[in-house]
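Summary of structural features
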There are 2 protein chains.
Amino acid sequence: MQTATPTPAERTVTATMQVLPRTLTVARADAAPAPIKTLCSTCHLKDLCLPCGLTGSDVERLDSLMFARRRVKEGQALYHEGEKFQFIYAVRSGTFKSVLTLKDGREQVTGFQMAGELMGLDGLASGKHASAAVALEDAEICAIPYSHLSELATVSPDLQHVISRLMSREIVREHSLMMLLGSMNAEERLAAFLLNISQRMKARGYSATEFHLRMSRAEIGSYLGMKLETVSRTFSAFQQQRLLEVDKKHVRIVDLDGLTHAFEMRVQ
Amino acid sequence: MQTATPTPAERTVTATMQVLPRTLTVARADAAPAPIKTLCSTCHLKDLCLPCGLTGSDVERLDSLMFARRRVKEGQALYHEGEKFQFIYAVRSGTFKSVLTLKDGREQVTGFQMAGELMGLDGLASGKHASAAVALEDAEICAIPYSHLSELATVSPDLQHVISRLMSREIVREHSLMMLLGSMNAEERLAAFLLNISQRMKARGYSATEFHLRMSRAEIGSYLGMKLETVSRTFSAFQQQRLLEVDKKHVRIVDLDGLTHAFEMRVQ
DNA sequence: CGCGTTCTTGACTAGCGTCAATGTGAGTGG
DNA sequence: CCACTCACATTGACGCTAGTCAAGAACGCG
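An unreviewed UniProt entry lists chain A under the name Fumarate/nitrate reduction transcriptional regulator Fnr, from Ramlibacter alkalitolerans.

Secondary structure assignment for chain A yields 9 helices and 12 strands. Put simply, of all contacts in chain A between residues at least 6 apart along the chain, 72% involve residues at least 24 apart. About 11700 Å² of surface is accessible on chain A, with carbon and sulfur atoms providing 53% of the total.

This part is about the relation of the copies chain A and chain B. Once chain A has been moved 0.0 Å along the axis and rotated by 180°, it coincides with chain B to within an RMSD of 0.0 Å. Taken together, the rotation and translation relating the two chain copies correspond to the operation of a two-fold axis. The share of interface residues of chain A whose copies in chain B are also at the interface is 90%, consistent with both copies meeting through the same surface.

Its 27 residues give helix 5 (residues 157-183) of chain B an end-to-end C-alpha distance of 39 Å, which sits within 8% of 39 Å, the value for a rise of 1.5 Å per residue. Summarising burial for helix 5 of chain B: 22 of the 27 residues are buried, a large majority.

Let us now look at the UniProt feature "domain: Cyclic nucleotide-binding" (unreviewed entry) in chain A. In the UniProt entry, the feature "domain: Cyclic nucleotide-binding" (unreviewed entry) is given for residues 50-170 of chain A. As annotated, residues 50-170 of chain A comprises 28% helix and 35% strand, and the C-alpha atoms at either end are separated by 13 Å.

The immediate surroundings of DNA strand C are formed by 17 residues, with A:T230, A:R233, B:R217, B:S232 and B:S236 found nearest. The sugar-phosphate portion of DNA strand C accounts for 62% of its atoms within 4 Å of the protein, the bases making up the rest. Mapped by element, the contributors of at least two residues to the surface near DNA strand C are helix 8 (228-240) of chain A together with helix 8 (228-240) of chain B. Among the elements that take part in the surface near DNA strand C, helix 8 of chain B stands out by supplying 5 residues, more than any other. Residue composition of the surface near DNA strand C, by class: 3 nonpolar, 6 polar and 8 charged.

Quick look at the sheet that holds strand 2 (residues 67-72) of chain B now. Strand pairing in a sheet relies on backbone hydrogen bonds, with the paired strands running either antiparallel or parallel. Residues and elements named next belong to chain B. In spatial order, the strands read 1-2-9-4-7; together these 5 strands make up an open sheet with antiparallel pairing. Each end of this open sheet is capped by a strand with a single partner; those strands are strand 1 (36-38) and strand 7 (118-119). Across 2 bridges, strand 4 (residues 87-93) lies against strand 7 in antiparallel orientation. Residue A90 lies in a different strand from strand 7, and its bridge partner there is L118. Contacts from helix 4 (residues 146-155) reach strand 4 and strand 9 (139-145), with the element oriented near 55° to strand 9.

Take the UniProt feature "domain: HTH crp-type" (unreviewed entry) in chain A next. According to UniProt, the feature "domain: HTH crp-type" (unreviewed entry) maps to residues 184-257 of chain A in the numbering used here. As annotated, residues 184-257 of chain A has a helix share of 55% and a strand share of 15%, and its two end C-alpha atoms lie 19 Å apart.

Each value, and the rule that gives it
Residues numbered from 1 in each chain as written. Chains lettered and ligands numbered in written order. Predicted model: local features only at pLDDT ≥ 70, side-chain atom pairs only at ≥ 80, totals over all residues. Heavy atoms only, no water. Helix = DSSP H or I, 4+ residues; strand = E, 2+ residues; numbered from the N terminus. Contact = heavy atoms within 4.5 Å. Areas by Shrake-Rupley, 256 points an atom, 1.4 Å probe, with all protein chains shown as cover. Least-squares fit on C-alpha atoms with pLDDT ≥ 70 in both. Expected span 1.5 Å × (residues − 1). Buried < 20%, exposed > 50% of the residue type's maximum accessible area, 1.4 Å probe, protein only. UniProt positions renumbered as here; feature names shortened; annotations may be inferred. Near = heavy atom within 4 Å. Nonpolar A, V, L, I, M, F, W, Y, C, P; charged D, E, K, R; others polar. Pairing = 2+ DSSP bridges. Axes fitted to C-alpha atoms, helices over the stretch in contact; angles between N-to-C directions.

Structure representation (structure tokens):
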């Protein structure tokens, strides 16, 4: 049985991958281009991430790009809103939030990204990132130079198709969030959120019913279009309904079917 | 895994479907005349639509696809949720809404499309349309076979880039809608909506301050995450504040600056 | 002309936001 | 090691925004 904390698995993998110049990475942290290069073909996330669905030759082509790896500390931004768009980023470990900021300072979390998920696709439209990406815990990413990826896509129709499909998936994801924000009440929103997290944890080999949330009540609230107090109250309500057991950020889904059926919706 | 790579099979199927039976589609749609083919190079919408930003040779390539035109009557669906994805559609005239439906019947309008705008990009993710597109008035569209477009993109990097950018733009658009739904009140929502419509009308050569809305109060409400009564009340409130003059679907923006400054936000 | 649909407006209410007090755990420094 | 702070979470009391229900007006359509 997998624990909810990703640390053990993560550590092993990271250790094997970073045989070479680890010190360099740590030393340079986030400043210069990172010295560690990554190969998709040997990555443990290849079935979740960019190369998913690609055949050997295409994955080899991706390998030739040698994506740079970079560590991002908790609270640090990987990129800011308005910053020049050059890379798309794949999460290797850790969790990120994507945030929009209004002129008056109001923030809106537009998504949470976990291992294997891509960030930054919104920057392509205007050449500038349309949102910021902030690490919710110490994290590691692959930086994928869009221009190189784009070149490669001219050679490989399959790769091109994969990229298009990933962008389309992001559109679909946002559709269901709009549904959530536009026509669901507080309990439905939180249930949908938890079920979504649950699925994604499961897809990554973790327990689908017990996990640590990496985001605060305020961040959940922003994402779901409600205030942090309402998030907290709704957690308590679920606990009283014997659907969950909650202790701060640790969540155990007691009645997954109950949660699913009571708030059945198009998921994903 | 396997389902993730539909490319080869899909292409064959779509290709065979494509050549002949488009006549059927049109005939079935509603007693339409023989299929009319369209050239991007001579289209009056070329600066707003797919070919925007492409050079002569690329536009010629698009011309070779000879997109079929189709009329869609008010209230008729161009495609339904769950329907097989084969085409993306460009609006030639008229207005559409994109709609998601929850199992319990609740609907969410995820967007309104005007002349020159594309629909159906969300279908690429899973090979099935993730939303339905319904005409709000008698309309005409170009049906763009995705498989052909995709083939063409392998020859032309610029075209490929344009497609990616259009998808990214859709992501950004949905971002700002999420901001709206997640953190704005009724007046801000309606103001943002009207300013957005205003801009798009202007880009199409119409007045930016006086126009007919093609959607009902209920549809606006669904899009903005509020009830139709609240939409109606907010229109009345704006009228009392001397920002608008409203008569049912006819809107005149009296104080565009007022509307803009009072509810300043990141637009598009 | 009557009918259905859409819009407007009013009265009332529920759900969520706001404000505030208290609890809790992690990190820090003496 | 403990006291302190700070950030975050929980809970209660209250208020307001927007939802609900309902009635009537305006319009288009057959």
